[in-house]
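Notes for the structure review
Listed below are the residues making up each chain.
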Amino acid sequence: MIRRKPYVIFIPIILILVIVGFFTTEETFDINIHDTYYVISHSYFYFLLAILSFLNFMIYFFFEKFKIELFKSLTFVLISFFLFSMIGFFFPYNLIFSDDKFPLFDNGEKINFYLLLSAFLLIISQFLLILNIFATTIKCISLLLVKKQNE
């Protein structure tokens, strides 16, 4: 019987992010916070997401190699949140929100809201990963203590 490994979904995400990062060199994210604009290149952002995806993949891969089983429900929720955040970052918002005839610099409120929501889902997924690691560590320690006590 073939055992499913949900962390394998990170491999195509990494490849897509790296490929998109190479082709979006001149595009930028403009983030307005109060009275300051932060300008971040799309390629840097996509490479950062690729590195984060790779780290998630490696954590799950090493736990699998050492035969330590993480909680499946937390893993499922983490990967779901991660995928929804990636969809939110890549979604073509220009198809939904039409541009005004006279665009202003602060005109992307709805797009910024959905990008912020995607970033929030990404942060939650990383906290769930940390929670999953701690919960699994506590479970393994308690199993070792029970095994030692029974001997």
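These lines cover the structure that appears in this document, whether it is placed above or below. (Residues numbered from 1 in each chain as written. Predicted model: local features only at pLDDT ≥ 70, side-chain atom pairs only at ≥ 80, totals over all residues. Heavy atoms only, no water.)

**Details of the overall build of the chain**
Regarding its fold elements, the chain presents four helices and two strands. Secondary structure elements of the chain, listed N to C terminal, follow the sequence α-β-β-α-α-α. Across the 151 residues of the chain, 28% fall into the buried class. Residue pairs in contact within the chain that sit at least 24 positions apart in sequence constitute 74% of those at least 6 positions apart. Element-wise, carbon and sulfur atoms account for 72% of the exposed surface of the chain, whose accessible area totals about 11500 Å². (Helix = DSSP H or I, 4+ residues; strand = E, 2+ residues; numbered from the N terminus. Buried < 20%, exposed > 50% of the residue type's maximum accessible area, 1.4 Å probe, protein only. Contact = heavy atoms within 4.5 Å. Areas by Shrake-Rupley, 256 points an atom, 1.4 Å probe, with all protein chains shown as cover.)

**Topic: the pattern of salt bridges**
Pairs can form between side chains of opposite charge once their charged atoms are near each other. According to the stated counting rule, one finds one salt bridge in the structure shown. With its nearest N and O atoms 3.3 Å apart, the salt bridge here joins Lys-72 to Glu-69. (Salt bridge = Lys/Arg side-chain N within 4 Å of Asp/Glu carboxyl O.)

**Some details on the packing of helix H3 (residues 72–90) against helix H4 (residues 109–150)**
Two numbers describe how H3 lies on H4: the axes approach to 8 Å, and their chain directions differ by 155°. Classified by the interaxial angle, the pair formed by H3 and H4 is roughly antiparallel. Pair H3 / H4 crosses with left-handed handedness. Only Leu-115, Ser-118, Ala-119, Leu-121, Leu-122, Ile-124, Ser-125, Gln-126, Leu-128, Leu-129, Leu-131 and Asn-132 of H4 make contact with H3, whose side of the interface consists of Leu-74, Thr-75, Val-77, Leu-78, Phe-81, Phe-82, Phe-84, Ser-85, Met-86, Gly-88 and Phe-89. Taken together, the residues of the contact of H3 with H4 sort by class into 16 nonpolar, seven polar and no charged. (Axes fitted to C-alpha atoms, helices over the stretch in contact; angles between N-to-C directions. Parallel < 35°, antiparallel > 145°, perpendicular 65-115°, else oblique. Left-handed = near helix turned anticlockwise from the far one by under 90°. Nonpolar A, V, L, I, M, F, W, Y, C, P; charged D, E, K, R; others polar.)

**As for the packing of helix H2 (residues 42–65) against H3**
For the pair H2 and H3, interaxial distance at closest approach is 13 Å and the crossing angle is 165°. When the axes of H2 and H3 are compared, the pair comes out roughly antiparallel. Like other packed secondary-structure pairs, H2 and H3 cross with a definite hand, here left-handed. Contacts between H2 and H3 pair Phe-45, Tyr-46, Leu-49, Leu-52, Ser-53, Asn-56 and Tyr-60 from the former with Thr-75, Leu-78, Phe-82, Met-86, Phe-89 and Phe-90 from the latter. Looking at side-chain class alone, the contact of H2 with H3 contains ten nonpolar, three polar and no charged residues.

**Focus on the side chain of Ser-85**
Summarising the element assignment, Ser-85 is placed in helix H3. In terms of polar contacts, Ser-85 uses its side chain to reach the backbone carbonyl oxygen of Phe-82, at 2.7 Å. For Ser-85, the contacting residues outside a window of four places in its chain are Ser-118, Leu-121 and Leu-122. (Polar contact = N/O pair within 3.5 Å; in protein donor to acceptor, adjacent residues only side chain to side chain.)

**Thoughts on unusual backbone geometry**
A positive phi angle is found at Lys-67, which is not glycine, with a value near 55°. Its location among the elements puts Lys-67 in the loop between H2 and H3.

**Re the packing of aromatic side chains**
Throughout the structure, instances matching the rule amount to eleven aromatic pairs. Their ring planes at 5° and their centres at 6.4 Å tell us that Tyr-7 and Tyr-60 sit as a pair that is stacked. Here the residue Tyr-7 occupies a position in the segment before helix H1 (10–23), and Tyr-60 occupies one in helix H2, the gap between them amounting to 53 residues. You can call Tyr-7 buried: its relative accessible area is 6%. For the ring pair Phe-10 and Tyr-60, a centre distance of 6.5 Å and an interplane angle of 20° mean the geometry is stacked. Taken as a pair, Phe-10 in helix H1 and Tyr-60 in helix H2 lie far apart in primary sequence, 50 residues in all. What makes Phe-10 buried here is its relative accessible area of 0%. Among the aromatic residues, ring-to-ring pairing joins Tyr-7, Phe-10, Phe-57, Tyr-60, Phe-61, Phe-62 and Phe-82 into one connected group. One Lys or Arg, Lys-139, reaches over the ring of Phe-71 and ends 5.0 Å from the middle of that ring. (Phe/Tyr/Trp six-rings, centres within 6.5 Å; stacked < 30°, edge-to-face > 60°. Lys NZ or Arg CZ within 6 Å of the ring centre and 35° of its normal.)

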